[in-house]
Amino acid sequence: MTNVAVIGAQWGDEGKGKVVDWLASRADVVVRFQGGHNAGHTLVVGNETYKLSLLPSGLVRGKLGVIGNGVVVDPEALLAEIARVQGQGLKVSPETLRISESATLILPFHPALDKAREAARGDAKIGTTGRGIGPAYEDRVARRAIRVADLAEPETMALKLDELLRHYNTLLRELGVETFTKEAMLAHLLALAPKILPFAEPVWERLDTLRKEGKRILFEGAQAVMLDVDHGTYPFVTSSNTVASAAASGSGVGPWAVGFVLGIAKAYTTRVGSGPFPTELFDETGRKLGERGFEFGTVTGRPRRCGWFDAAMVRQAVKIGGIQGLVLTKLDVLDGMPELKICTGYRINGERSRHLPAGMAAQAAALPEYETIEGWSGSCRGARSWVDLPAQAIKYVRRIEELVEAPITLVSTSPERDDTIMVRDPFEG
Ligand code: GDP
Ligand code: IMO
Ligand code: MG
């Protein structure tokens, strides 16, 4: 038995939450290791729908949730999310949720700058979630961030606020936005401290103990490889590393403890926010995918851009992300489509390419090369075993498997937890 890391293989919203929830029944602890409340993970359990942003999806199964040092934590958003899911009957307490004492905090000036910068970019905007993710990660590498542990040290916070406010107020003033005062920020932090500190601990130590006891750890990625700050469609990316190796540094375990790397991909492609999207559809088919797949951002409610499955991109994500098995989700959304297209590579300024290059202009110029595959008239919706799938749907899945150069491990056929086909158990490695 091994640990498992779940990561997105496209541009996010592949259904990671559903897969993590499904796998969590056999895990002992679920760990978030990067991102923040820019993530939106939807879990459907019977009549109840849970929308989680910061909380590890395993909490819905009553499993221990851990927020690692690699996550940027907005304390107000966290407390609001805890209150919301408690209202849905979930138990969240310092017994069920542990937060790394070295996680970076998102404070009110982070979303303020995030939004002001996006507004100033005009048409060149990234389309961020506006939640302050980028600025908070900038502070972390700039070594001025206020971290969870600092909540216990008023003097440290006061000292850091001097530098932080010098930085933020200069920028905000320049952008014509209201600035922040040290008194108000310190009072804000001091009020939050007693609510957050009971969850704080060196989570690396707990994970080390659990691992030695033979407990199974499930690492829950947010965003996806193509939104990775190094490997994605830069600059239209998020500000963290989303690949599986980030699970180690983002939670404080060795790289070998990450275990089996499971990549999640939709049976087509979607993207929220700006940036290149070679297989995007602007026609009736794209509109239909959005409607049938209910493609609206969980966090911002923005309609997601939709397009054909891009096997060249997922193949790239498989290699970069170290994906050992792929989960194909939302196969049911393709039910009844007469014809499907799969992108196998690109034509960029007249040259053929099997991958998306790093240059911003080259990425924008990438045109998809397609192969066409017949659709199916039967239904995949709710299928729980291979034999429930139309023969042509199996052919589609098998062709994707060949093109992305990774074995298909699971197939998801509805938002419901148990509507999942297991081809191979990821915990078996
Ligand atoms: P995540 O960010 O990767 O966790 O994905 P989101 O939760 O943001 O978006 C995925 C959406 O698709 C959610 O609304 C899920 O309930 C839904 N979903 C997941 N798997 C399936 C599936 O196999 N079929 C259908 N129709 N919907 C699915
Ligand atoms: P989950 O975990 C889809 C996108 C934003 C924007 C870019 C940068 O639900 O898959 P940020 O606020 O992170 O600075 O925005 O990244 N983005 C996501 N897109 N799913 C997500 O999370 C996302 N998190 C960020 O739309 O294009
Ligand atoms: Mg999402």
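Since the structure is predicted, the reported quantities are computational estimates derived from the model, not experimental observations. (Residues numbered from 1 in each chain as written. Chains lettered and ligands numbered in written order. Predicted model: local features only at pLDDT ≥ 70, side-chain atom pairs only at ≥ 80, totals over all residues. Heavy atoms only, no water.)

Asks: An account of the site of ligand 2 is requested, with residue identities and associated values reported.
Replies: The environment of ligand 2 is made up of 20 residues, and the closest members are K16, N38, H41, T129 and T238. Residue T238 places a side-chain N or O atom 2.6 Å away from an oxygen atom belonging to ligand 2. Separating an oxygen atom of ligand 2 from a backbone N or O atom of V272 is a distance of 3.2 Å. (Near = heavy atom within 4 Å. Polar contact = N/O pair within 3.5 Å; in protein donor to acceptor, adjacent residues only side chain to side chain.)

Asks: Break down the coordination of the magnesium ion (ligand 3) for me, citing the residues and quoting the values.
Replies: Protein-derived ligands of the magnesium ion (ligand 3) are D13 (OD) and G40 (O), with the metal-ligand distances lying across 2.0 to 2.1 Å. Of this pair, D13 sits in the loop between β1 (4-8) and α1 (16-24) while G40 is found in the loop between β2 (29-32) and β3 (41-45), placing the two residues 27 residues apart along the sequence. A relative accessible area of 21% places D13 in the partly exposed class. Since its relative accessible area comes to 12%, G40 is described here as buried. (Donors = N, O, S within 2.8 Å, 3.2 Å for Na, K, Ca; no water. Helix = DSSP H or I, 4+ residues; strand = E, 2+ residues; numbered from the N terminus. Buried < 20%, exposed > 50% of the residue type's maximum accessible area, 1.4 Å probe, protein only.)

Asks: Explain the pattern of salt bridges to me, and be specific about the residues and the numbers.
Replies: Under the defined criterion, the tally for this structure stands at 31 salt bridges. The closest approach of N and O atoms between E14 and K16, which form a salt bridge, is 2.8 Å. There is no split in this pair, since E14 and K16 are both buried. As a salt-bridge pair, K330 and E295 come within 2.9 Å of each other at their nearest N and O atoms. Highlighted residues: K330 in the loop between β15 (325-329) and β16 (339-348) and E295 in the loop between α9 (284-292) and β13 (305-307), separated in sequence by 35 residues. This pair shows no difference in class: K330 is buried, exactly as E295 is. In the salt-bridge network here, residues are joined through shared partners; they are D13, K266, E295, R304 and K330. (Salt bridge = Lys/Arg side-chain N within 4 Å of Asp/Glu carboxyl O.)

Asks: Residue-level account of the domain arrangement of the protein chain, with values.
Replies: A common way to express how large an interface is: the accessible area buried when the components associate. Partitioning the protein chain into domains gives domain 1 (4-102 + 200-260), domain 2 (104-196) and domain 3 (266-428). Put simply, the middle of domain 2 and the middle of domain 3, counted by C-alpha atoms, are 37 Å apart. Between domain 2 and domain 3, the contact holds 6 residues from the first and 5 residues from the second. A buried area of about 370 Å², summed over both sides, lies between domain 2 and domain 3, and 42% of it is on carbon and sulfur atoms. Summed over the three residues of domain 2 that lose the most area to domain 3, namely G127, T129 and R131, the buried surface amounts to 68% of that side. Applying the counting rule to domain 2 against domain 3 returns 0 salt bridges. Split by residue class, the side of domain 2 that touches domain 3 holds 1 nonpolar, 3 polar and 2 charged. (Domains from an automatic or database assignment. Contact = heavy atoms within 4.5 Å. Buried area = accessible area lost by both parts, 1.4 Å probe. Nonpolar A, V, L, I, M, F, W, Y, C, P; charged D, E, K, R; others polar.)

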